Amino acid sequence: SPPGKPRVSLGDALRLTPAKHAEGKQSLLFQDAPGLPSRSLPMISFHPNHRTGTSTVSFALYLEPKAIFIHEWRTTGNPYATGPVLAIKDGRLTGVKGLDVPVPVKRWFRLEVVAGLGSDAPRTWTLRLTPKGEPTQEIKGLPFRSPQFDHLGWLGFISNANEATEFYLDELDIRSTDGRR
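We now turn to the structure provided with this report. Once a new chain begins, its residue numbering starts again from 1 and follows that chain's sequence as written. The model is predicted, so local features are restricted to residues of pLDDT at least 70 and side-chain atom pairs to those at 80 or more, both for listing and for counting; the totals for chains, interfaces and linings are taken over all residues. Side-chain measures here rest on the full set of heavy atoms in the structure, leaving out hydrogens and waters.

### Digging into the pairing of strand β11 (residues 137-143)
Phase 1: For two strands to be treated as a pair, DSSP must find at least two bridges joining them. Only runs of H or I of at least four residues qualify as helices and only runs of E of at least two qualify as strands under DSSP, and these elements are numbered from the N terminus. Bridge count for strand β10 (residues 124-131) against β11 is five bridges, and the pairing is antiparallel. From the neighbouring strand, T124 faces β11, where its bridge partner is P143.
Phase 2: Connecting β10 to the antiparallel partner β11 that follows it, the hairpin turn spans five residues, and G133 within it adopts a positive phi of roughly 80°.

Put into structure tokens, the structure is as follows:
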């Protein structure tokens, strides 16, 4: 729909809800539905503009069984280059070569994505996965999707299903060792 003109709801939503929460009293609900203008809706994105140092994005996630979750880091520019990517479908977390681990469904778990930025950075990232009440699993040396990725200009959280389903996002923290938050 044109900018400024709300479209008719097709059963989707992106809103705060007290229905579920990892900590505190509410979380952000991504409620998906069939037939949306783009499969990548609902989506929320941030523009951290981290260029050097180490960036860390951590968050808690609660997935319903049919949810399809994507988290992606991109550079600015067109075409953009993609760094870390997480894709979760049917209880499997994938996204880049070497990444395929089970994740819980209908239970909170925490994800942390850590990557060095700048022209001298190693072009790899680390994932930490912590199901609530369980030990952390750490996977190091994951490749950026594109070797040209060198700064964090955009990051997004995407519900990529094409049916009625939902997931919840909580405890989001985006930070850089350069002192940016």
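### Structural notes on the nonpolar core
Phase 1: Here the nonpolar core consists of buried residues drawn from Ala, Val, Leu, Ile, Met, Phe, Trp, Tyr and Cys, with membership extended through side-chain atoms lying within 4.5 Å. Each residue is assigned to one of three classes by its accessible area relative to the maximum for its type, calculated with a 1.4 Å probe on protein chains only: buried under 20%, partly exposed between the two thresholds, exposed over 50%. Ranked by internal contacts, the top residues of the largest apolar core, which has 36 residues, are L61, L99, L111, W125 and L127.
Phase 2: Among the nonpolar cores identified, the runner-up in size contains six residues, and L29, A60, Y62 and Y168 belong to it.

### Some details on the sheet that holds strand β13 (residues 165-176)
Phase 1: Reading across the sheet, the seven strands line up as β1-β2-β13-β4-β9-β10-β11 and stay open at both edges, with antiparallel pairing between neighbours. In the strand order of this sheet, the two ends are held by β1 (13-17) and β11, each with one partner. Ignoring strand direction, the axes of neighbouring strands in this sheet form an average angle of 25°. Lines fitted to C-alpha atoms define the axes here, with helix axes fitted over just the stretch in contact, and angles between the N-to-C directions of these axes take values from 0 to 180 degrees.

### Describing the environment of H21
Phase 1: By the element assignment, H21 lies in the loop between β1 and β2 (27-32).
Phase 2: Accessibility expressed as a relative area gives 34% for H21, which makes it partly exposed.
Phase 3: Any pair of N or O atoms that falls within 3.5 Å is considered a polar contact. Within protein, one atom must be able to donate a hydrogen and the other to accept it, and sequence-neighbouring residues count only if both atoms are side-chain atoms. Separated by 3.0 Å, the side chain of H21 and the backbone oxygen of G24 make a polar contact.

### Focus on the sheet that holds strand β8 (residues 101-102)
Phase 1: Taken in spatial order, the six strands of this open sheet run β3-β12-β5-β6-β7-β8, and their pairing is antiparallel. This sheet does not close on itself; its edge strands, each paired only once, are β3 (43-46) and β8.
Phase 2: Here six bridges tie strand β5 (residues 68-74) to strand β12 (residues 154-159), and the two strands are oriented antiparallel to one another. The partner of F69 across the bridge, within β12, is S159.

### Comments concerning the pattern of salt bridges
Phase 1: Take a side-chain nitrogen of Lys or Arg and a carboxyl oxygen of Asp or Glu: if they are within 4 Å of each other, that pair is a salt bridge. Throughout the structure, instances matching the rule amount to nine salt bridges.
Phase 2: Linking E163 and K66 is a salt bridge whose minimum nitrogen-to-oxygen distance equals 3.8 Å. Of this pair, E163 sits in the loop between β12 and β13 while K66 is found in the loop between β4 (53-63) and β5, placing the two residues 97 residues apart along the sequence.
Phase 3: Residue E138 is joined to K140 by a salt bridge in which the shortest nitrogen-to-oxygen separation is 3.6 Å.

### Focus: the pairing of β5
Phase 1: Most of β5 sits out of view: seven of its seven residues are buried.
Phase 2: By the alternation rule, side chains of β5 split into I68, I70, E72 and R74 and F69, H71 and W73, which are all buried.
Phase 3: Two strands pair when backbone bridges link them, and β5 and strand β6 (residues 82-89) are joined in this way by six bridges, in the antiparallel orientation. By the bridge assignment, I70 is partnered in β6 with A87.

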